[in-house]
Amino acid sequence: LAAMGADIAVIPEIAKPELINEHCLWFGTNPNQGIAITSSPGYTLTPLPEKAGAPKYVIPIRVEGLVCFTLFAVWTIQKQKMRYIRAVATTIDMYPEIFDQGPVVMLGDFNSNMIWDKKKPNYLNHSSVVDRLAKRGIVSAYHHARGEPQGKESEATFYLHHDASKPFHIDYCFLPKAWAERISLVEVGTFQEWKGHSDHRPLLVEITGDGF
């Protein structure tokens, strides 16, 4: 991942790094599997207080640098009351003040897609999350850049059981629509290139212009 040169990276399902500082945060209960957030030297990361009862893991982090914003680092898990996409929907409702204060990015492994909407309550499914964010002027970078509808993605970010015949799109970068208009690159890692590293594929989003 270092070769990609990301200013901000969210890395789910990773062991706890040896060094935790303003450029590398980690959250989890199992030291062999948690979620890390890293930044380049030009940015600093500060975890914000999590509200009582907030589901794991949709973690608010203040990012300071050339651009300042609040990042919700996402890795939704199964073993909790608000599983998977329910955790994201619940978190959005729990932190209205953060969305009111300034730019917000939600980035990571949502473990969700619109194709599974019917398996969840209408107010807690994938479409409800997309709608919640759209009302706040936040859109999916991939879908904005590709012009593809939710649930009809041509590129997969995850291969179940590392099987090329079982592709799904479950990782997302949601960002302010004004930023989306300045996207210069959206890239998803290929199955072949990353098959020896993970069942997921990196989603890279680049934004250019003044302030970036």
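The preceding data block contains the structure.
Quick word on the pattern of salt bridges
Between side chains of opposite charge, pairing is possible as soon as their charged atoms come close.
Link 1 in the chain: Following the criterion strictly, the structure yields 4 salt bridges and no others.
Link 2 in the chain: For K51, the salt bridge goes to E97, with nearest N and O atoms at 3.1 Å. One end of the pair, K51, is in the loop between β4 (44-47) and β5 (58-64); the other, E97, is in helix α2 (residues 96-101), and 46 residues separate them in sequence.
Link 3 in the chain: Looking at K51, the relative accessible area reads 33%, which means it is partly exposed.
Link 4 in the chain: We note a salt bridge from R132 to D93, for which the minimum N-O separation is 3.0 Å. You can see R132 sitting in helix α3 (residues 126-135) and its partner D93 sitting in helix α1 (residues 85-94), a full 39 residues away along the chain.

Observations regarding the pairing of strand β11 (residues 171-176)
Link 1 in the chain: Along β11, 6 of the 6 residues are buried, which leaves the element largely enclosed by surrounding structure.
Link 2 in the chain: The sheet contact formed by strand β7 (residues 104-109) and β11 spans 4 bridges and is antiparallel. Bridging from a neighbouring strand, G108 pairs with Y172 of β11.
Link 3 in the chain: Taken together, the 3 bridges between strand β8 (residues 138-140) and β11 define a ladder with antiparallel strand orientation.

Concerning unusual backbone geometry
Link 1 in the chain: With an omega of -15 degrees, the peptide bond running from K56 to Y57 counts as cis.
Link 2 in the chain: The residue Y57 is located in the loop between β4 and β5 in this model.
Link 3 in the chain: In the Ramachandran plot, E13 falls in the positive-phi region, its phi being about 60 degrees despite a non-glycine side chain.
Link 4 in the chain: Inspection of the secondary structure puts E13 in strand β1 (residues 8-14).
Link 5 in the chain: Residue classification places E13 among the partly exposed residues on the basis of a relative accessible area of 36%.
Link 6 in the chain: Backbone geometry at H162 places phi at a positive 60 degrees, although glycine is not the residue there.
Link 7 in the chain: Among the secondary structure elements, H162 is positioned in the loop between β9 (158-159) and β10 (167-168).
Link 8 in the chain: By relative accessible area, H162 is classed as partly exposed at 45%.

Conventions adopted
- Residues numbered from 1 in each chain as written.
- Predicted model: local features only at pLDDT ≥ 70, side-chain atom pairs only at ≥ 80, totals over all residues.
- Heavy atoms only, no water.
- Salt bridge = Lys/Arg side-chain N within 4 Å of Asp/Glu carboxyl O.
- Helix = DSSP H or I, 4+ residues; strand = E, 2+ residues; numbered from the N terminus.
- Buried < 20%, exposed > 50% of the residue type's maximum accessible area, 1.4 Å probe, protein only.
- Pairing = 2+ DSSP bridges.

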